[in-house]
Amino acid sequence: MAQRAPPGVPEKELEHGITVFLEQLIKTLQVEQTSQPMLSRKVSGPTGGGKPALSEIGESAAQHGKELLLHGFTVEEVVHDYGDLCQSITDLAFEQGAVIEIDEFRTLNRCLDNAIANAVTEFGYQHDFVVADRQADALNERLGFFAHELRNLLCTATLALSVIKQGNVGLTGATGAVLDRALVGLGNLIDRSLAEVRMTAGMPLQHRLFSLADFIAEVKLSASLEAQIKGCVLTVSVVDPLLAVDADRDLLLSALGNLLQNAFKFTHAHSEVTLNAYAMADRILIDVEDHCGGLPPGDAEKMFLPFTQSGEDKSGLGLGLSISRRSVEANDGILSVRNIPGTGCVFTIDLPRHSLPIASSAAGMASEGVVAID
């Protein structure tokens, strides 16, 4: 058992381990040699499985299974724990030339069978509790972060509105800008949280074909306001009106919105954030480029981990990029980041390329002031 223990696990015999089982096996064999052999079932438990029955082996094996879980063992190792013991007994009998009678071997198998069943059952039961506790802790952490951010933004908006209502300042001044920032932040926080709920709950996607140009134009409206509030310049490229995306629009909108929020948050003051959407072969690429100064080595992929914030600005939940990647991947896309040392980062959403039907594309070009020529 000591040789099989994972690294870092003490070699000391566990309290309800193999030593106890050996003592109970000996006791069972001894009782079977008396005038009342069936009393051995109180020690070993009944044969044939079925409904669990109270026995000494069952109780101690259940405790052993719990201890193995606490010491970091897997359920496979719980089973092998007793399997190794059976192998050791038979190997020792062979080396010593000892004969194991059929009835004795049946007793050994019954004891091992009941011990394994009880140990594995308790291991699984306790494991479910551990998993549930971890999930509850993670949920509480998310709710705590969410409530904290929500309270801060709501408090800022309330204070700004209170000052404006006093009539001493106007909506177009600095206080009005504070109110704008708080309201935009509230909207972003709620959108991001709703996207996470959808992804976590595994809700079915609402795929539909839509114009890439119209989609970027919608994003540009809200992003322009945030760029103005952040004191940045937002540059958006012209998009081919024939290009289309087949995806869940809400999830993709949330993903791109998170990328732009991240860009506005970390780009240097009064610098430029660029949004480009274009086609390359059979793919549609949407780039968000900022001027954050670049990333330290090894930080690129870490940015997509939940609750990770690598910049100086630690506001927010640290979930935006993680949610964005999950949202893009749910739409059969890829979200990647390219570091430009000393300059900034380029986040790229990579999606399958589609085209609009002729009637839709013609309508789209007319709305953009483009004249279709036969």
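Summary of the structure given here. (Residues numbered from 1 in each chain as written. Predicted model: local features only at pLDDT ≥ 70, side-chain atom pairs only at ≥ 80, totals over all residues. Heavy atoms only, no water.)

### Quick word on the pattern of salt bridges
Should their charged atoms come close, side chains of opposite charge can pair. Scanning the model with the defined rule gives 5 salt bridges in all. Residue Glu 218 pairs with Arg 249 through a salt bridge whose shortest N-O separation is 2.5 Å. Taken together, the residues Glu 218 in helix H7 (residues 212–230) and Arg 249 in helix H8 (residues 249–266) connect sequence positions 31 residues apart. The partner of Arg 283 in a salt bridge is Asp 350, with the nearest N and O atoms 2.6 Å apart. Here the residue Arg 283 occupies a position in strand S5 (residues 283–289), and Asp 350 occupies one in strand S7 (residues 344–352), the gap between them amounting to 67 residues. In the salt-bridge network here, residues are joined through shared partners; they are Glu 32, Arg 41 and Arg 110. (Salt bridge = Lys/Arg side-chain N within 4 Å of Asp/Glu carboxyl O. Helix = DSSP H or I, 4+ residues; strand = E, 2+ residues; numbered from the N terminus.)

### Examining H8
For H8, built from 18 residues, the straight-helix expectation of 26 Å at 1.5 Å per residue is met to within 8% by its first-to-last C-alpha distance of 26 Å. One side-chain oxygen at the N-terminal end of H8 lies 3.2 Å from the backbone nitrogen of Leu 251; it belongs to Asp 248. (Expected span 1.5 Å × (residues − 1). Polar contact = N/O pair within 3.5 Å; in protein donor to acceptor, adjacent residues only side chain to side chain.)

### What about the packing of aromatic side chains?
The way to describe two aromatic rings as a pair is by their centre distance and the angle between their planes. If you walk through the whole model with that rule in mind, you get 2 aromatic pairs. The interplanar angle of 75 degrees and the centroid separation of 5.6 Å between the aromatic rings of Phe 21 and Tyr 82 together place this pair among those described as edge-to-face. With Phe 21 in helix H1 (residues 18–32) and Tyr 82 in helix H4 (residues 75–96), the pair connects residues that are 61 residues apart, well separated along the chain. Accessibility assignment for this pair places Phe 21 and Tyr 82 in one class, buried. Where Phe 210 meets Phe 215, the ring centres are 5.5 Å apart and the plane angle is 45 degrees; that geometry is what we call tilted. (Phe/Tyr/Trp six-rings, centres within 6.5 Å; stacked < 30°, edge-to-face > 60°. Buried < 20%, exposed > 50% of the residue type's maximum accessible area, 1.4 Å probe, protein only.)

### A word on the sheet that holds strand S8 (residues 354–355)
Overall, antiparallel pairing links the 3 strands, which are arranged S1-S3-S8 in an open sheet. In this open sheet, the two edge strands, each paired with only one partner strand, are strand S1 (207–211) and S8. Bridging between S1 and strand S3 (residues 243–248) involves 5 bridges; their strand directions are antiparallel. Among the inter-strand pairings, Phe 210 is bridged to a residue of S3, identified as Val 245. Against the sheet, H7 engages S1 and S3, with an angle of about 85 degrees to S1. (Pairing = 2+ DSSP bridges. Contact = heavy atoms within 4.5 Å. Axes fitted to C-alpha atoms, helices over the stretch in contact; angles between N-to-C directions.)

### Observations regarding the side chain of Asn 114
Tracing the backbone shows Asn 114 in helix H5 (residues 102–165). Overall, the relative accessible area of 10% leaves Asn 114 in the buried class. A distance of 2.8 Å separates the side chain of Asn 114 from the backbone oxygen of Ser 44, its partner in a polar contact. Polar contacts involving the side chain of Asn 114 include one to the main-chain carbonyl oxygen of Gly 45, which spans 3.5 Å. In contact with Asn 114, other than residues within four places in its own chain, are Ser 44, Gly 45 and Pro 46.

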